[in-house]
Amino acid sequence: MNLQIEKNVRAAIDRLAHDRRSVRDERLQADLQHAGHAVQRIGEAKDVVARGTIDGHNQAVSCLHIRHDSDRMNKFDIARALDDISSYLELSENNRFRALAFERAAHSIRALDAEPADLIASGELVKTPGIGKATAAIIEELVRTGSSKYLEELRTHYPSGIFELLRVPKLGLKKIGILHEKLGIGNLDDLEAAAREGRVAPLPGFGPKTQQYILSGIEKARRRESHFLLPVGVEVGEQIREHLAAIDEIEDAEVSGSVRRRLEIIRNVNIVIATRDQDAVIRALTKIVEKIERIDDDTVKAFARNEIDVWFHFTKPDTFGATLLVTTGTPEFVAAFLERGGRLGRARTEKELFDKSGLAFVDPERRENGDDLKRKRHRRLVEVSDLRGTFHVHTTFSDGRNTVHEMLASARDRGFEYVGISDHSPAAFYAGGLSVEQLKLQHKEIAAHERDVAPMRVFRGTEADILPDGTIDYDEKTLKKFDFVIASIHSRFQMPKDEMTERMLRALDNPYVTFLGHLTGRKLLSRDGYSVDFERIFEKAGQRGVMIEINGNPNRLDLDWRHIRRALDLGVGFSINPDAHSIHEYAALISGTWVARKAGLTPKEIFNTKPVEEVAEYLKSRRAS
């Protein structure tokens with residue numbers, strides 16, 4: 001390749017690549033307030049598009065919606081406003097029931113098949129489960145005016161930076177409310193000053209240890225500022241695309257960058273827009289995003305939802321494919337594409353570019369580097385539709401928010417062939433871990449509802465704690481009663497690497513362990529995972545036939561996709577599990593699938609893509625052996 005051409009291409013790549021760096025050591029940061037919020041965002045973004053999947057880079061934005069009113073608040077905008085009210089109420093009131101009422105209303109609105117405006121017109125809104133007269137009145141006001149006087153009033157009582165305190169580990173809304181009420185704390189600077197001056201420790205529910213923990217947490221929060229869990233980027237990107245569908249001058253639009261590559265932590269959202277009238281589109285964007293700033297002739301930067309940067313990359317329709325490819329892949333991937341004969345010429349789709357270049361198509365998730373460009377044929381990666389069932393499901397018997405019947409019915413309604421119920425073991429007392437007597441009641445409850453959900457198969461399992469000495473938190477007699485056992489660590493996270501590794505190796509020697517749960521215990525944006533020797537863990541798991549779960553909860557996404565290929569090489573099997581604590585959290589199977597796809601896994605490499613007969617036979621034979 002001519003050096004001058006290569007230089008120009010690199011410049012073009014760098015100019016367009018605002019969000020294409022790999023997130024490595026920086027990727028662990030401050031948590032969202034509730035795990036459920038992150039999971040819910042996956043479902044929201046999936047619901048925004050009219051087709052069956054979020055992806056589909058060849059789908060024109062004009063096909064997203066047949067009817068769209070960009071000036072009217074849709075159900076997702078309304079649900080977010082209700083969530084905000086719930087958060088403010090939890091800050092300000094001792095009675096959590098009012099906050100829960102708005103939280104339930106937000107869940108109900110998101111789950112609607114119709115828009116709230118249509119239900120208001122038909123008089124059906126107040127009949128919707130989870131929505132009372134008070135919440136219905138606010139929803140009607142939001143639909144009618146685009147705002148809520150009640151929400152605006154709540155906002156006046158708190159500084160704009162109050163929720164940034166949620167980035168500090170161990171600080172929930174209730175404690176933040178106390179800090180504001182007693183000390184007037186409204187942002188990280190205020191909190192740091194108060195903690196350093198010793199004013200936090202005397203507050204009820206805090207103390208010297210919490211004060212010190214807060215100080216170390218502030219340091220992490222600052223270091224990881226302006227980073228977001230992937231579902232935030234997916235939700236923002238897809239909701240913006242929904243609004244773009246109402247702009248006549250746009251012929252196509254697609255989310256690119258790290259969101260499209262499904263990195264677990266993202267910094268911003270990138271959207272490629274195909275149009276012949278860029279100026280008209282930019283004028284229309286003022287109704288969708290804020291702080292619009294022209295970066296160059298083809299790039300505009302903006303701010304969405306008062307929280308995240310959005311980069312808009314403009315291109316003509318006949319070069320849409322090239323711009324999408326360049327702004328999706330990392331510089332390493334794009335350079336490898338060009339080095340292998342790839343061309344960035346005219347093409348409406350990326351597939352055209354791959355075909356013209358004689359290269360097998362590489363899925364967006366696999367564009368961190370150029371490895372897959374060496375493949376002669378496209379490899380079909382696992383999709384959520386390949387999953388026939390799942391494990392790691394909690395109920396109200398431990399720390400779940402839905403009953404056994406509700407979790408089973410929801411699994412059946414999703415078309416699962418099987419589901420594995422796995423409430424906590426006794427050591428997880430904080431999560432309502434089940435004693436042997438409670439376990440009998442749980443099994444009785446499962447038996448009472450199995451016929452209702454037939455022919456779906458229900459497997460009885462547990463998420464049993466790996467105790468500090470490596471033993472499993474049930475005796476052998478009890479372990480024999482389970483169809484499967486998920487072994488997880490929920491305590492003593494600070495053990496030295498060698499001790500933690502030995503603890504897990506001993507657990508893997510237990511013949512009743514079927515799955516190793518959330519391998520490192522990390523919580524993205526909040527808690528670093530504990531240190532283990534991955535090589536030794538993978539070797540032992542492969543030898544013992546213990547599968548490692550890919551935990552789909554977007555706060556975890558553990559096992560990290562970067563380690564999966566090595567585990568596979570050492571004979572480890574995988575199951576994509578949602579770690580579901582509610583019916584909504586089955587949606588975490590979507591993000592779990594994203595992790596598997598980033599690792600390059602196919603359906604045959606995932607245990608829960610297998611039919612129920614094969615799964616049942618495997619579990620039975622493993623238990624018998």
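If you're wondering where the values come from, they're calculated on a predicted model, not measured in any experiment.

Student: I'm lost on the overall build of the chain in this one. Help?
Tutor: Check the secondary structure of the chain and you find 24 helices and 14 strands. In the chain, which comprises 625 residues, the proportion classed as buried is 56%. Surface summary for the chain: the accessible area is close to 26,700 Å², and the carbon and sulfur share equals 48%.

Student: Looking at this structure, how should I read helix α18 (residues 436–450)?
Tutor: Residues lying three or four places apart along an α-helix face the same way, a consequence of the helix completing one turn every 3.6 residues. The end-to-end C-alpha distance of α18 is 21 Å, a good match for the 21 Å that 15 residues give at a rise of 1.5 Å each. Here α18 has its buried residues at L439, Q442, H443, I446 and H449. For α18, the angular spread of the buried residues around the axis is 130°, confining them to a single face. In α18, the exposed residues that point more than 90 degrees away from the buried face are E437, L441, K444 and A448. Those residues of α18 hidden inside the fold are in contact with α17 (404–413), β9 (418–424), β10 (457–465) and α19 (476–479).

Student: Teacher, can you tell me more about the packing of helix α3 (residues 75–92) against helix α4 (residues 96–110) here?
Tutor: Where α3 meets α4, the closest approach of the two axes is 8 Å, and the angle between their N-to-C directions is 170°. By the angle between their directions, the pair α3 and α4 is classed as roughly antiparallel. Crossing handedness for the pair α3 and α4: left-handed. Residues K75, I78, A79, R80, L82, D83, I85, S86, L89 and E90 of α3 form the contact with α4, whose participating residues are R96, R98, A99, F102, E103, A105, A106, I109 and R110. For the contact of α3 with α4, the residue count by class is 10 nonpolar, one polar and eight charged.

Student: Sorry, what's going on with unusual backbone geometry here?
Tutor: Outside of glycine, negative phi angles account for most residues, and trans bonds account for most peptide bonds. The linkage connecting A454 with the following residue, P455, adopts the cis geometry, with an omega of 10°. Among the secondary structure elements, P455 is positioned in the loop between α18 and β10. Not every positive phi belongs to a glycine, and D579 is a case in point at roughly 50°. Turning to its location among the elements, D579 is positioned in the loop between β14 (574–577) and α23 (588–598). The class for D579 is buried, based on a relative accessible area of 4%.

Student: What should I look at first to understand the side chain of R503 in this one?
Tutor: The topology assignment puts R503 in helix α20 (residues 497–508). This buried residue, R503, is left without a salt bridge; D465 holds the nearest opposite charge, at 6.5 Å. A polar contact is formed between the side chain of R503 and the backbone oxygen of I466, at a distance of 2.8 Å. Only 3.5 Å separates the side chain of R503 from the backbone oxygen of R492, close enough to count as a polar contact.

Conventions we followed
Residues numbered from 1 in each chain as written. Predicted model: local features only at pLDDT ≥ 70, side-chain atom pairs only at ≥ 80, totals over all residues. Heavy atoms only, no water. Helix = DSSP H or I, 4+ residues; strand = E, 2+ residues; numbered from the N terminus. Buried < 20%, exposed > 50% of the residue type's maximum accessible area, 1.4 Å probe, protein only. Areas by Shrake-Rupley, 256 points an atom, 1.4 Å probe, with all protein chains shown as cover. Expected span 1.5 Å × (residues − 1). Arc of directions from axis to C-beta. Contact = heavy atoms within 4.5 Å. Axes fitted to C-alpha atoms, helices over the stretch in contact; angles between N-to-C directions. Parallel < 35°, antiparallel > 145°, perpendicular 65-115°, else oblique. Left-handed = near helix turned anticlockwise from the far one by under 90°. Nonpolar A, V, L, I, M, F, W, Y, C, P; charged D, E, K, R; others polar. Lys, Arg positive; Asp, Glu negative; His and termini not counted. Salt bridge = Lys/Arg side-chain N within 4 Å of Asp/Glu carboxyl O. Polar contact = N/O pair within 3.5 Å; in protein donor to acceptor, adjacent residues only side chain to side chain.

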